[in-house]
Structures are given as C-alpha cells and as structure tokens.
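Coordinate inspection notes
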Amino acid sequence: MIKAILIFNNHGKPRLIRFYQYFAEDMQQQIIRETFHLVSKRDDNVCNFLEGGSLIGGSDYKLIYRHYATLYFVFCVDSSESELGILDLIQVFVETLDKCFENVCELDLIFHMDKVHYILQEVVMGGMVLETNMNEIVAQVELQNRMEKSEGGLSGAPARAVSAVKNMNLPEIPRNINIGDINIKVPSLSPF
C-alpha cells in the first residue's frame, strides 16, 4: 500500500504532499525533510529504491523515486508493493501531467494545484492504485474540464448565486427569522 506521495524541488520545497497514513503535521514536516535528504544525496546513476527513513517506518517501508528536471517524485510504500510497479506508476503520473499541462513544469504544480490533485486522485486514492491507463486518466481530466467550462467554473458562481436570489419569488423580504429560541432581526436591504 502507498503510505505517502511527496513531490519536491531540488531545494527541498514541497510541491505536492499526500499522506495516506495519519502523521501529525510536525512529523510530516520531519518526514519531508528526511526524505529529501535521503533522496537528494543519491547519484543519478544509482538505484531508485531505498529503505524508508527512520521516521516513516524504517526497513518495513521503501522509498521509490524518480528525479525529473527540477522535481523529485517520491512514493513511500510498504513491503507489499512492487518497486518496478511503483516506478511505472510514477512514470504514468508524470506522463499524464505532461499531457494535461503540455510539457509540465514546477510552476504548473504550483499554480494548478487543484488539477494536479485531481489527476493524482484518478491514479491513487486512499493509498490504493486506481488507474494506470494514461488514456483513461486523461479522458477523465478532459471530462472534468468540460464540466467546469459548461458550469462557468468558480468565477461564474457569484453571478449565478445573485441571479438565483433575484429569481426567487418571495412575496416580501423576511424581517424576523425565528429558529427555536433564537430571534434574528434582518436589516432593511435595498432591492437588487
């Protein structure tokens, strides 16, 4: 099972953090620092698997990572996961990001965090792998994008809310609202 997914840059700044096992926030920060130090010290020509750090479970856990340009993609898994399977999963995740963002870079992870989390949730949820077919993942992301555009996205929400309130056929604006023992007086509001 996948215990955590960490993406950080060459300087150790976290760009995406997802823990599938509870750790207190200060422990999460220590795990991120320790994982960065373990992974960043390694040469590019060595194996991409190593034992988990002392904070995240030691020899019972493995850190499987890939270094792409300025980003480290690190999956912390237990001993039941296949190292090569997780390496392939990292490759699928990165290629999916690349397709969705057209040559993904660190800034895409920063400015489109919601979309990156959505893509990750299409691949892994609750520490279990859901989908490894990149075409299926991209199709779901495109479907989500079409739905957002048809609904006007978040930017259109305030206008839709005002429109809905205007179209409510209230005979009069309520002046007093009584909920049990609570009495709320509504101030006079100007009409829309």
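Residues numbered from 1 in each chain as written. Predicted model: local features only at pLDDT ≥ 70, side-chain atom pairs only at ≥ 80, totals over all residues. Heavy atoms only, no water.

For clarity, the cut-off: UniProt positions are given in the numbering used here, feature names are shortened, and annotations may be inferred rather than shown by experiment.
An unreviewed UniProt entry annotates the protein as AP-3 complex subunit sigma-2-like originating from Carassius auratus. The heading Sequence similarities (unreviewed entry) in the UniProt record of the protein holds the text "Belongs to the adaptor complexes small subunit family."

So, the overall build of the protein
Condition: Think of it this way: any DSSP run of H or I at least four residues long counts as a helix, any run of E at least two long counts as a strand, and we number them from the N terminus. Type-normalised accessible area, obtained with a 1.4 Å probe on protein chains alone, sets the label of each residue: buried when under 20%, exposed when over 50%, and partly exposed for intermediate values. Here, residues are in contact when the closest pair of their heavy atoms is within 4.5 Å. Only the protein chains shown count as cover for residues, and all accessible areas are computed by the Shrake-Rupley method using a 1.4 Å probe.
Each helix and strand counted, the protein has 6 helices and 9 strands in total. Every one of the 192 residues in the protein was classed for burial, and the buried ones make up 34%. In the protein, once contacts between residues fewer than 6 apart in sequence are set aside, the share between residues at least 24 apart is 46%. For the protein, the accessible area works out to roughly 11900 Å², and carbon and sulfur atoms hold 54% of it.

Points about the packing of aromatic side chains
Centre-to-centre distance and the angle between the planes together describe a pair of aromatic rings. Formally: Aromatic rings from Phe, Tyr and Trp, taking only the six-membered ring of Trp, are treated as a pair when their centres fall within 6.5 Å; an angle between ring planes under 30 degrees marks them as stacked, one over 60 as edge-to-face, and anything in between as tilted. Note on geometry: a ring has a charge over it if NZ (lysine) or CZ (arginine) is within 6 Å of the ring centre and within 35 degrees of the ring normal.
Per the stated rule, a full pass over the model turns up 6 aromatic pairs. When the centroid spacing of 5.6 Å and the interplanar angle of 65° are considered together, the rings of F19 and F23 count as edge-to-face. Judged by relative accessible area, which is 12%, F23 ranks as buried. Seen from their ring centres, Y68 and F73 are 5.7 Å apart, and the 85° between their planes marks the pair as edge-to-face. Using a relative accessible area of 3% as the deciding quantity, one classes F73 as buried. Put simply, the rings of F8, F36 and Y72 pair up and form one aromatic cluster. Note that K115 overlies the ring of F101, its terminal NZ or CZ placed 5.3 Å from the centroid.

Description of the pattern of salt bridges
Oppositely charged side chains can pair when the atoms bearing their charge come close. Let me state the cut-off plainly: Take a side-chain nitrogen of Lys or Arg and a carboxyl oxygen of Asp or Glu: if they are within 4 Å of each other, that pair is a salt bridge.
A complete count under the given rule lists 2 salt bridges for this structure. In this structure, R15 engages E106 in a salt bridge whose closest nitrogen and oxygen atoms are separated by 2.7 Å. Of this pair, R15 sits in strand β2 (residues 14-19) while E106 sits in helix α3 (residues 106-111); the two residues are 91 residues apart in sequence, bridging distant segments of the chain. Accessibility expressed as a relative area gives 17% for E106, which makes it buried. Among the ionic pairs, E83 bridges to K62, the shortest N-O distance being 3.2 Å. Linking E83 in helix α2 (residues 83-101) with K62 in strand β4 (residues 61-68), this pair joins segments that are 21 residues apart in sequence.

What to know about the environment of D98
Let me state the cut-off plainly: Two N or O atoms form a polar contact when they lie within 3.5 Å of each other; inside protein one atom must be a possible hydrogen donor and the other a possible acceptor, and for residues adjacent in sequence the pair counts only when both atoms belong to side chains.
Here D98 shows up in helix α2. According to the relative accessible area criterion, D98 is partly exposed, its value standing at 33%. Put simply, D98 and D108 are 10 residues apart on the chain and 9.8 Å apart in space, counted from C-alpha to C-alpha. What D98 contacts, discounting residues up to four positions off in sequence, is N103 and V104. Within the structure, D98 has its side chain in polar contact with the backbone nitrogen of V104 (distance 2.9 Å).

Here's the deal with the nonpolar core
Threshold: Put simply, a nonpolar core is a bunch of buried Ala, Val, Leu, Ile, Met, Phe, Trp, Tyr and Cys residues held in one set by side-chain atoms that sit within 4.5 Å of each other.
I2 and F93 are the most contacted members of the largest nonpolar core, which totals 30 residues. Among the elements of the structure, β1 (2-9), β5 (71-78), α2, α4 (113-123) and α5 (134-150) are those that each provide at least two residues to this core. Counting residues per element, this core draws most heavily on α2, at 10 residues. When residues no more than four places from it in sequence are discounted, the contact partners of F93 are I7, F73, V116, I119, L120 and V123. Among the nonpolar cores identified, the runner-up in size contains 16 residues, and F8, F36, L63 and Y65 belong to it.

Quick notes on a nonpolar patch on the surface
This is how the line gets drawn: A patch consists of residues exposed above 30% relative accessible area that lack any salt bridge, with like charges linked at up to 9 Å and nonpolar side chains (Val, Leu, Ile, Met, Phe, Trp, Tyr) linked at up to 5 Å.
Together, I177, I179, I182 and I184 line one region of the surface with nonpolar side chains, adding up to about 350 Å² of accessible area. Elements represented by at least two residues in the nonpolar patch include exactly β8 (176-179) and β9 (182-185). Position of I182 relative to the elements: it lies in strand β9. Classification of I182 by relative accessible area gives exposed; the value is 53%.

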